[in-house]
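Here is what each chain is made of, one letter per residue.
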Amino acid sequence: MGAVACGDDDGTGGAGGSGTGTGTGTGTGTGTGTGTNTGTNTGTNTGTNTGTNTGTNTGMTVDCMQVCSDLFNCGLEDDGNGMQLCPGFSDGTGAGGAGGAPAGITEDQFLNGSNMDGCIATCEGLPALASLVDPNNCAGSVGTLKNADGNFKSACEGM
């Protein structure tokens, strides 16, 4: 035979080794997140409006020239029976008004009077009378004013 090595070698392999190990791991995963959106919109709008309104309002505003002209023209209207509502008024032609009424006072005389004491002055002194004149209701206007004002009645009737 040949040479033999030291030890017993029968040709089989030996037993495998064993091992023990410890694996320890510590891990901390902490996540903190805060999402805050804060917004403040601040604005100041400052404006100053100053003004002085002055004036005197005495109440009713009356166009006495228009009111008196309307009243005079109403007096020239026909009363529906062929007679003039105010037979004392003249249209300025000298022939009188409707229905052949005799010539009477003219519009200028009615408005201004003989000494600025006509209809306009009366209206300015008592503007509430203007509310009695309705050019769309001449018969009513003339009738009401004849009852309310003796001077108008005299002028209207030609007395």
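Now for a description of the structure that goes with this document.

Conventions adopted
- Residues numbered from 1 in each chain as written.
- Predicted model: local features only at pLDDT ≥ 70, side-chain atom pairs only at ≥ 80, totals over all residues.
- Heavy atoms only, no water.
- Helix = DSSP H or I, 4+ residues; strand = E, 2+ residues; numbered from the N terminus.
- Buried < 20%, exposed > 50% of the residue type's maximum accessible area, 1.4 Å probe, protein only.
- Contact = heavy atoms within 4.5 Å.
- Areas by Shrake-Rupley, 256 points an atom, 1.4 Å probe, with all protein chains shown as cover.
- Phe/Tyr/Trp six-rings, centres within 6.5 Å; stacked < 30°, edge-to-face > 60°.
- Arc of directions from axis to C-beta.
- Disulfide = S-S within 2.5 Å.

## A few points about the overall build of the chain
Piece 1. Broken down by element type, the chain carries five helices and zero strands.
Piece 2. The helix and strand sequence of the chain, counted from the amino end, reads α-α-α-α-α.
Piece 3. Across the 159 residues that make up the chain, the buried fraction comes to 21%.
Piece 4. A sequence separation of at least 24 residues applies to 45% of the contacts in the chain between residues at least 6 apart.
Piece 5. Here the chain has roughly 11700 Å² of accessible surface; of this, 46% comes from carbon and sulfur atoms.

## Concerning the environment of A130
Piece 1. By the secondary structure assignment, A130 is in the loop between α3 (119-125) and α4 (138-148).
Piece 2. Counting along the chain gives 69 residues from A130 to T61, while the straight-line C-alpha distance between them is 10.0 Å.

## Notes on the packing of aromatic side chains
Piece 1. Taken as a whole and judged by the stated rule, the model has five aromatic pairs.
Piece 2. Ring centres of F72 and F89 lie 4.7 Å apart, and the angle between their planes is 15°; on these two criteria the pair is classed as stacked. Of the two residues, F72 is situated in helix α1 (residues 64-76) and F89 in the loop between α1 and α2 (107-112); the sequence distance between them amounts to 17 residues.
Piece 3. Ring geometry for F89 and F110: centres 4.9 Å apart, planes at 55°, overall tilted.

## A few points about α4
Piece 1. Taken together, the buried positions of α4 are occupied by C138, S141, V142 and L145. Taken end-on, α4 shows its buried residues confined to a sector of 95°, consistent with a single buried face. Set apart from the buried face of α4 by more than 90 degrees, the exposed residues are A139 and N147.
Piece 2. Elements in contact with the buried residues of α4: α1 and α5 (150-157).

## A look at the state of the cysteines
A covalent bond bridging the sulfur atoms of two cysteines is what the word disulfide describes.
Piece 1. Enumeration according to the criterion identifies four disulfides in this entry.
Piece 2. Between the sulfur atoms of C68 and its disulfide mate C119 the distance is 2.1 Å. Looking along the S-S bond of the C68-C119 disulfide, the torsion reads about -85°, which is the left-handed sense. Of the two residues, C68 is situated in helix α1 and C119 in helix α3; the sequence distance between them amounts to 51 residues. For the pair shown, C68 and C119 are each scored as buried.
Piece 3. The partner cysteine of C86 in its disulfide is C156, sulfur to sulfur 2.0 Å. Where C86 bonds to C156 through sulfur, the torsion about that S-S bond is close to -95°, and the disulfide is left-handed. You can see C86 sitting in the loop between α1 and α2 and its partner C156 sitting in helix α5, a full 70 residues away along the chain.
Piece 4. Counting only the cysteines that form disulfides, in the order they appear in the chain, gives the pairing 1-6, 2-5, 3-7, 4-8.

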